[in-house]
Amino acid sequence: GNSVTQMEGPVTLSEEAFLTINCTYTATGYPSLFWYVQYPGEGLQLLLKATKADDKGSNKGFEATYRKETTSFHLEKGSVQVSDSAVYFCALTSTGSGSARQLTFGSGTQLTVLP
Amino acid sequence: NAGVMQNPRHLVRRRGQEARLRCSPMKGHSHVYWYRQLPEEGLKFMVYLQKENIIDESGMPKERFSAEFPKEGPSILRIQQVVRGDSAAYFCASSPISDSSPLHFGNGTRLTVT
């Protein structure tokens, strides 16, 4: 079955620090990979995605590269801001099933950025 | 352009009562998904519906839980005879017909069972 393993949190960084949140996956077929962000009291928002190997998703200074050889999709940002404080979820959806759009999520990583 | 609308935002029920959670998908979206987020955990898929059809309910508990998406009106997730373990955030997501577009999530309903 499909699974996503995310770096354990919480992660606390100072403003302008470099961020990496690790994500590895197990999936059948050719999954699409996603990072979602959840701000306090809100639903999930799509941050970025990649649909095939070697694709790089990017948005708001965040990046993640789909690495098929290491089954990874690590999230990075060169300089975090206080406003980036949130919970980040790695997720995948695989093709070839009757419910191709069903997302499998990691457990989430809480990020706190201090001024 | 309203997003996915869920109501209520917060719902408190006593053990044994029924909980009804509503979800109106984005305009033009005909696919609805329900996910549950238990405290300190990621989201878990529950059910996938299209208008008047349940496509995949592999994540739904076998008893007390049901979902519908009628031809008219919002999608409803219904939990009968709630127990404390049902306390969680329930998120609805929608998508258009195309499989290439990502899911859009609502802000969730936080159910507390006392």
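Look above for the structure.
Residues numbered from 1 in each chain as written. Chains lettered and ligands numbered in written order. Predicted model: local features only at pLDDT ≥ 70, side-chain atom pairs only at ≥ 80, totals over all residues. Heavy atoms only, no water.

Enquirer: Quick rundown of the overall build of chain B? Include the residues and the values.
Expert: Assigned secondary structure in chain B consists of zero helices and eleven strands. Going residue by residue from the N terminus, the α and β elements of chain B occur as β-β-β-β-β-β-β-β-β-β-β. Since a compact globule built from 114 residues should have a radius of gyration of about 13 Å, the 13 Å found for chain B is in line with a globular shape. Overall, the C-alpha framework of chain B stretches about 40 × 25 × 25 Å when taken along its three principal axes. Taking all 114 residues of chain B together, the buried fraction comes to 44%. Long-range contacts, defined as pairs at least 24 residues apart, comprise 52% of the intrachain contacts of chain B with a sequence gap of at least 6. Total accessible area computed for chain B in this model is approximately 5,900 Å², and 46% of it derives from carbon and sulfur atoms. (Helix = DSSP H or I, 4+ residues; strand = E, 2+ residues; numbered from the N terminus. Rg over C-alpha atoms; globule rule 2.2 N^0.38 Å. Buried < 20%, exposed > 50% of the residue type's maximum accessible area, 1.4 Å probe, protein only. Contact = heavy atoms within 4.5 Å. Areas by Shrake-Rupley, 256 points an atom, 1.4 Å probe, with all protein chains shown as cover.)

Enquirer: So, the side chain of Gln6(A): which residues are in play, and what are the values?
Expert: Residues and elements named next belong to chain A. Inspection of the secondary structure puts Gln6 in strand 1 (residues 3-6). At a separation of 3.0 Å, a polar atom in the side chain of Gln6 contacts the side chain of Thr109. Excluding its chain neighbours within four sequence positions, the residues that come into contact with Gln6 are Ile21, Asn22, Trp35, Tyr88, Phe89, Cys90, Gly106, Ser107, Gly108 and Thr109. (Polar contact = N/O pair within 3.5 Å; in protein donor to acceptor, adjacent residues only side chain to side chain.)

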